[in-house]
Amino acid sequence: MYHTSLSHRGIGIAVYPLDGTDDQELAKHADVAMYQAKESGRNALQFYSEEINQLSIERLRMEGELRKAIDNNELFLDYQPKVKTSTGHMTGMEALVRWNHPGLGILFPVQFIKYAENCGLITQLGAWVLRQACQDAALWTKNGFTGLKLAVNLSALQLQDGTQLVELVKQCLQETGIEPQLLELEITESMMVNDSNQAASILTQLRDMGVSITLDDFGTGHSSLALLRNLPVQTIKIDRSFVTNLKAESHNANFIGAIISMAKNLNLHVVVEGIETAEQLNVMQHHGGDEVQGFYFSPPLGREALLDLLSGRLPFGGGLENTGNIPE
Ligand code: C2E
Ligand code: MG
Ligand code: MG
């Protein structure tokens, strides 16, 4: 006897008598296995096991703690500068969320975003991120650093609940006085697979408000070109996996060159992430990528440290110039 749980992204299986001796227990454990199958994100099939059970307990614990994290002010944002390739001027920054977990220390998004998405908390977390980032951007503007673009990452689930997202963006812009043209929303390809028509309609509403849309981690998903055709995207951000081991005469350099030429033909702006060395920067300059981002210039910085960087109190990596104003 066995019990299977099915969802559109995974199948979980529990086998009698190893995984349960009655129908109820088997069903519960098949569900636990299905959750894990879904999380692996590959339309997977997963058998129940003790290890899977432990992961499930861990997930429930993290979801519970994350629920409290927002109210307890345990989340914070770091900001990573983006730089214009041709001039070295800073054009803006990307907000990246972190969780100062009371027992585990600082956690990075890869360690908790999936839990937030799983239990629906991502809407609340995403709203906190957007509001906080807009408030911080207003602070920099108040300190005289105008014209910097603020990029915020979005989760697919925020797009599924689209009306709420459009309202949230309007509210945050109104509350903080940030111009819509200075807000950029980064979405990833993997998010779109479920319902790209719904996403296109929401993103079009946001674009019509003046907010710009960037396709993040470009080149890693399966549907990059179809998405570019269907979505109102202004910018692509080439994934850092293309930048690793980037040498002037290399397969990856040819790839980046080809992506940039395609993007130019489609009138798209190109950002390249994960620049860590001068050589990688040279390749980008050679191929004409518009903007770059990476540890070579700056790691993600806390709000105050970013203000120090803008004020010239912190050195800007890569020997490039630092200015709050976008040239042109
Ligand atoms: P992403 O948007 O592609 O962000 C870039 C990630 O690469 C960041 O990791 C950043 O710290 C890291 N990075 C930047 N430059 C370099 C470099 O030169 N070398 C290397 N090796 N890494 C570099 P982080 O902060 O851990 O964020 C990971 C992902 O989590 C982000 O990828 C984004 O997809 C997601 N994320 C971050 N903040 C949020 C958020 O507020 N909401 C949502 N939904 N997702 C978020
Ligand atoms: Mg991003
Ligand atoms: Mg990325």
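Data block above holds the structure.
The numbers attached to residues start from 1 for each chain and follow its sequence in the written order. All chains are assigned letters beginning with A, and all ligands numbers beginning with 1, in the order in which they are written. Selection of residues for local features in this predicted model requires a pLDDT of at least 70, selection of side-chain atom pairs for listing and counting requires 80 or more, and totals for whole chains, interfaces and linings are taken over all residues. Side-chain descriptors were evaluated using all non-hydrogen atoms of the structure, hydrogens and water having been removed beforehand.

Novice: I'd like a description of a nonpolar patch on the surface, backed by residues and values.
Specialist: A surface patch of nonpolar side chains, about 420 Å² in accessible area, is lined by Y2, V15, L45 and F47. Only runs of H or I of at least four residues qualify as helices and only runs of E of at least two qualify as strands under DSSP, and these elements are numbered from the N terminus. By secondary structure assignment, the location of Y2 is in strand β1 (residues 2–7). For every residue, the accessible area (1.4 Å probe, protein chains only) is compared with the maximum for its type, and the residue is labelled buried under 20%, exposed over 50%, or partly exposed between those bounds. Y2 sits in the exposed class, given a relative accessible area of 59%. Residues with no salt bridge and a relative accessible area higher than 30% make up the patches, which join like charges within 9 Å and nonpolar side chains (Val, Leu, Ile, Met, Phe, Trp, Tyr) within 5 Å. The accessible surface values rely on the Shrake-Rupley method and a 1.4 Å probe; as for residues, cover is taken only from the protein chains in view. Any Lys or Arg side-chain nitrogen found within 4 Å of a carboxyl oxygen on Asp or Glu counts as a salt bridge.

Novice: Give me the coordination of the magnesium ion (ligand 3): which residues, what numbers.
Specialist: The reference angle at a metal is 109.5 degrees if four donors form a tetrahedron and 90 or 180 degrees if six donors form an octahedron. Donor selection uses N, O and S atoms within 2.8 Å of the metal (3.2 Å for Na, K and Ca). Since no water is included, sites may look incomplete. Protein ligation of the magnesium ion (ligand 3) involves D216 (OD), D217 (OD), E273 (OE) and E273 (OE), the donor distances falling in the range 2.0 to 2.5 Å. Along the chain, the residues that donate to the magnesium ion (ligand 3) are spaced as D-D-x55-E. Metal-to-metal, the separation of the magnesium ion (ligand 3) and the magnesium ion (ligand 2) is 4.2 Å; D216 coordinates the two. With a gap of 56 residues between them, D217 in strand β9 (residues 212–218) and E273 in strand β11 (residues 269–273) connect regions that are remote in the sequence. Overall, the relative accessible area of 10% leaves E273 in the buried class.

Novice: Lay out the site of ligand 1 in plain terms, naming residues and giving numbers.
Specialist: Throughout, near means a residue has at least one heavy atom within 4 Å of the molecule or strand. Of all residues adjacent to ligand 1, which total 22 residues, the nearest are R98, D216, R240, E276 and F295. A distance of 3.2 Å separates a nitrogen atom of ligand 1 from a polar atom in the backbone of V97. Pairs of N or O atoms within 3.5 Å make up the polar contacts considered here, provided that, within protein, one atom can donate a hydrogen while the other can accept it, and that residues adjacent in sequence are counted only when both atoms are side-chain atoms. The separation between an oxygen atom of ligand 1 and a polar side-chain atom of N153 is 3.0 Å. Out of a free accessible area of 800 Å², ligand 1 has 83% covered by protein chains. Breaking the shell around ligand 1 down by element, the ones donating at least two residues are β5 (90–101), α3 (109–118) and β9. Its residues assigned to classes, the shell around ligand 1 comprises nine nonpolar, five polar and eight charged. Three classes are used: nonpolar for Ala, Val, Leu, Ile, Met, Phe, Trp, Tyr, Cys and Pro, charged for Asp, Glu, Lys and Arg, and polar for all others, with Gly counted as polar.

Novice: So, the sheet that holds strand β2 (residues 10–15): which residues are in play, and what are the values?
Specialist: What makes two strands pair is DSSP finding at least two bridges between them. Here three strands make up an open sheet; going across it, the order is β1-β2-β3 and the pairing mixed. Both outer strands of the open sheet, β1 and β3 (44–47), are each paired with one neighbouring strand and no more. Geometrically, the sheet is characterised by an average inter-axis angle of 15 degrees between neighbouring strands, direction not taken into account. One ladder, built from six bridges, connects β1 with β2; its direction is antiparallel. When the sheet's bridge partners are listed, H3 is paired in β2 with A14. For helices, the fitted line uses only the C-alpha atoms of the stretch in contact; every axis is such a line through C-alpha atoms, and the angle between N-to-C directions lies from 0 to 180 degrees.

Novice: Give a description of the packing of helix α10 (residues 251–265) against helix α11 (residues 278–287) that names residues and reports values.
Specialist: Between α10 and α11, the shortest axis-to-axis distance is 10 Å and the interhelical angle comes to 35 degrees. Taken as a pair, α10 and α11 cross one another with a handedness that is right-handed. Contacts between α10 and α11 pair A253, I256, G257 and I260 from the former with V283, M284 and H287 from the latter. Among the residues making up the contact of α10 with α11, the classes are represented as five nonpolar, two polar and no charged. By the definition used in this description, the sense in which the near helix is turned from the far one sets the handedness, with an anticlockwise turn below a right angle giving left-handed and a clockwise turn giving right-handed. The contact definition used throughout considers only heavy atoms, calling two residues in contact when any of these lie within 4.5 Å.

Novice: Provide a residue-level description of the coordination of the magnesium ion (ligand 2), including the pertinent values.
Specialist: On the protein side, the magnesium ion (ligand 2) has E94 (OE), N153 (OD1), E186 (OE) and D216 (OD) as donor atoms, found 2.0 to 2.3 Å from it. For the magnesium ion (ligand 2), all donor residues lie on one chain, and their spacing in sequence is E-x58-N-x32-E-x29-D. Judged by its relative accessible area of 5%, E94 is buried.

Novice: Talk me through the packing of aromatic side chains; I want residue IDs and the actual numbers.
Specialist: What counts as a ring pair is set by centres within 6.5 Å for rings of Phe, Tyr and Trp (its six-membered ring), and what kind of pair is set by the plane angle: stacked under 30 degrees, edge-to-face over 60, tilted for all other angles. For the structure shown, the criterion picks out four aromatic pairs. When the ring of W99 is compared with that of F112, the centres are 5.7 Å apart and the planes differ by 80 degrees; the resulting orientation is edge-to-face. Placement of W99 in strand β5 and of F112 in helix α3 is noted, with a sequence separation of 13 residues between them. Either the NZ atom of lysine or the CZ atom of arginine qualifies as a charge over a ring when it sits within 6 Å of the ring centre and within 35 degrees of the ring normal. Just above the ring of Y35 sits the side chain of K38; from NZ or CZ to the centre is 4.9 Å. Above the plane of the ring of Y35 lies R59, whose end atom (NZ or CZ) is 3.9 Å from the centre.

Novice: Run through the packing of helix α6 (residues 162–176) against helix α8 (residues 196–208), naming residues and quoting values.
Specialist: Two elements in contact, α6 and α8, have axes separated by 10 Å at closest approach and are oriented at 15 degrees. As summarised for this structure, α6 and α8 are arranged roughly parallel, according to the angle between their axes. Here α6 and α8 pass one another in a crossing that is right-handed. From α6, G162, T163, L165, V166 and V169 reach across to α8, where they touch Q198, I202, Q205 and L206. When grouped by side-chain class, the residues that make up the contact of α6 with α8 number five nonpolar, four polar and no charged. Orientation is classified from the angle alone, with under 35 degrees giving roughly parallel, over 145 giving roughly antiparallel, 65 to 115 giving roughly perpendicular, and any other angle giving oblique.

Novice: An account of empty space enclosed by the protein is needed here, citing residue identities and associated values.
Specialist: Points on a 1 Å grid over protein atoms alone make up a cavity when a 1.4 Å probe fits among them but cannot get out, and a pocket when they form an open set with protein on both sides within 12 Å along at least five of seven lines; lining residues each have an atom within 4 Å of a point. Grid points are joined across faces, edges and corners, and a volume is the space filled by probe spheres set on the points. Under the criterion given, the structure shown has two cavities of 30 Å³ or more. Approximately 80 Å³ is the volume found for the largest cavity. M93, A137, W140, T141, F145, T146, G147, L148, L150, I178 and L182 are the residues that line the largest cavity. By residue number, the principal contributor to the lining of the largest cavity is helix α4 (residues 122–142), which donates three residues. Looking at the lining of the largest cavity, its residues break down into eight nonpolar, three polar and no charged.

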